[in-house]
Amino acid sequence: MVSQSSSEAYTNMGKTSDLTAVQKATIDTLHKEGKTQKVIAEEAGCSQSSVSKHINGEAKGRNNCGQKKCTSNRDHRALVRIVKKNPFKNVGEIHKEWTAAGVSASRSTTKRRLKDMGFNCRIPRVKPLLTKKQREKRLTWAKEKKSWTAAEWSKVMFSDESKFCISFGNRGPRVWRRTGEAQDPRCLKSSVKFPPSVMVWGAMSSAGVGPLCFLRSRVNAAVYQQVLEHFMLPAADLLYGDGDFKFQQDLAPAHSAKSTRAWFTDHGISVLNWPANSPDLSPIENLWGIVKRKMQNARPKNAEELKATIRATWALITPEQCQKLMDSMPRRINAVIEAKGAPTKY
């Protein structure tokens, strides 16, 4: 006989959402054994109506619950075509085009249907456009470096310039894409190599980071050689002491100029050969990303405050973070080989 307190407990558990995981498992087990709902309710410690609702809900899968959709499968196919034609449209533009095709739906319904079909609004990845020849050179380079050990990569000092601006909020138009489409050419935004902005030069190795240089003018060969003289050499002393190292740089005109090559020769510095348009192979690109994410909540009011914020954030970079990025080099190289020289996720 069930006690009054137990009966009262049962009456308070009329919803299947009130059932615990243990109770649901008990109901399922006893139901498979052919027990009656009354017996199951007593064993599970819940009301008979909860048992009934749980069993019926499991049988139906609850697929028919909720309001009936006001759009058809045909409408949904039309929506997919609109998004795939131009994934950079915002919800308002997509809704306008969809309803212009004769679909009766609100803006919020349009957004829900996009979500239902697996589309998410994301910031597009930025990838350089590579020619066939550049992809071939990247693939050859990766195969040559495939056998490099961690010790060999620890002797490379990576360098790069990066753009910083006072406003970090405006990152451009977003793109509608499904899971797994981040690298789809339709969903990528082309990058501009040297946008008009304040630039910062920096260097890193597995031992940490070197001093920053804020570039005040356009970087030609003469300016770049001054950066090397006053910032790269001190960084090498800090990170390597008297040890040997290879210097990495991209193929910007100032970097590959004849006078710059002569400067490296005169100073006895070995320069790592590097494929064109390959930021995905350089761990310092990821380091700039770490710095900018740390600065997202900063609101510098002028250039001097911006510089101070960059310096302070750069100083927080630890050797452990740098070592972790350097350890990714074998994975980067394998990714390029697997992609046959095409841009990779890095």
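Everything numeric here is computed off the predicted structure, so don't read it as measured data.

Engineer: I keep staring at the overall build of the protein and nothing clicks. Help me out?
Structural biologist: A count of helical and extended segments in the protein gives 16 helices and 10 strands. Within the protein, buried positions represent 40% of all 346 residues. A sequence separation of at least 24 residues applies to 76% of the contacts in the protein between residues at least 6 apart. Approximately 20200 Å² of the protein is accessible, and the part contributed by carbon and sulfur atoms is 51%.

Engineer: Would you take a moment to explain the environment of T36 for this structure?
Structural biologist: Here T36 shows up in the loop between α2 (21-32) and α3 (37-44). Residues T36 and Q48, spaced 12 residues apart in sequence, show a C-alpha to C-alpha distance of 9.7 Å.

Engineer: Any chance you could explain the pattern of salt bridges here in plain terms?
Structural biologist: For side chains of opposite charge, pairing can occur when their charged atoms come near one another. Per the stated rule, a full pass over the model turns up 7 salt bridges. Among the salt bridges present, the one from E97 reaches K89, with a minimum N-O distance of 2.2 Å. Taking relative accessible area as the criterion, K89 reaches 19% and is therefore assigned buried. Here K145 ties to E144 by a salt bridge, and the two come within 4.0 Å at their closest N and O atoms.

Engineer: Is there a simple way to explain a positive patch on the surface in this structure?
Structural biologist: Side chains of R107, K111, K115, R122 and R174 sit close together on the surface and give a patch of like positive charge. Top contributing element to the positive patch by residue count: helix α7 (residues 107-116), with 3 residues. For R107, a relative accessible area of 48% puts it in the partly exposed group.

Engineer: Before we go on, may I ask you to explain the packing of aromatic side chains in this structure?
Structural biologist: For any pair of aromatic rings, the description rests on two quantities: the centre-to-centre distance and the angle between the ring planes. Counting across every chain of the model gives 10 aromatic pairs. Taking 6.0 Å as the distance between ring centres and 80° as the angle between the ring planes, the aromatic pair formed by F158 and W274 counts as edge-to-face. Of this pair, F158 sits in strand β3 (residues 156-163) while W274 sits in the loop between β10 (270-271) and α13 (283-294), and the two are 116 residues apart along the sequence. A relative accessible area of 9% means that W274 is categorised as buried. In textbook terms, an aromatic cluster arises when at least three aromatic residues are bridged by ring pairs, as seen for W141, W148, W153, F158 and W274. The ring of F164 has K292 lying over it, and the distance from NZ or CZ to the ring centre is 4.9 Å.

Engineer: When you look at the environment of S328 in this model, what are you seeing that I'm missing?
Structural biologist: Classification of S328 as buried rests on a relative accessible area of 4%. Sequence-wise, S328 and S282 are 46 residues apart; in three dimensions their C-alpha atoms are separated by 9.6 Å. Within polar-contact distance, the side chain of S328 engages the backbone oxygen of L325 at 2.4 Å.

Engineer: Before we go on, may I ask you to explain the nonpolar core in this structure?
Structural biologist: If you look at soluble globular proteins, the nonpolar side chains tend to sit buried side by side. Counting residues in hydrophobic clusters, the biggest one holds 31 residues, and the most contacted among them are W141, W153, F158, M204, L287 and I310. When contributions to this core are tallied by element, the ones reaching two or more residues are α8 (132-145), β3, β6 (199-205), α13, α14 (303-315), α15 (319-326) and α16 (329-338). Those residues in contact with W141, other than ones at most four positions away along the chain, are W153, L272, N273, W274, P275, L281 and I333. Core analysis: the second largest hydrophobic core is formed by 20 residues, M157, Y224, L228 and A254 among them.

Cut-offs applied
- Residues numbered from 1 in each chain as written.
- Predicted model: local features only at pLDDT ≥ 70, side-chain atom pairs only at ≥ 80, totals over all residues.
- Heavy atoms only, no water.
- Helix = DSSP H or I, 4+ residues; strand = E, 2+ residues; numbered from the N terminus.
- Buried < 20%, exposed > 50% of the residue type's maximum accessible area, 1.4 Å probe, protein only.
- Contact = heavy atoms within 4.5 Å.
- Areas by Shrake-Rupley, 256 points an atom, 1.4 Å probe, with all protein chains shown as cover.
- Salt bridge = Lys/Arg side-chain N within 4 Å of Asp/Glu carboxyl O.
- Patch = residues over 30% accessible without salt bridge, like charges linked within 9 Å, V, L, I, M, F, W, Y side chains within 5 Å.
- Lys, Arg positive; Asp, Glu negative; His and termini not counted.
- Charge placed at Lys NZ, Arg CZ, Asp CG, Glu CD.
- Phe/Tyr/Trp six-rings, centres within 6.5 Å; stacked < 30°, edge-to-face > 60°.
- Lys NZ or Arg CZ within 6 Å of the ring centre and 35° of its normal.
- Polar contact = N/O pair within 3.5 Å; in protein donor to acceptor, adjacent residues only side chain to side chain.
- Core = buried A, V, L, I, M, F, W, Y, C linked by side-chain atoms within 4.5 Å.

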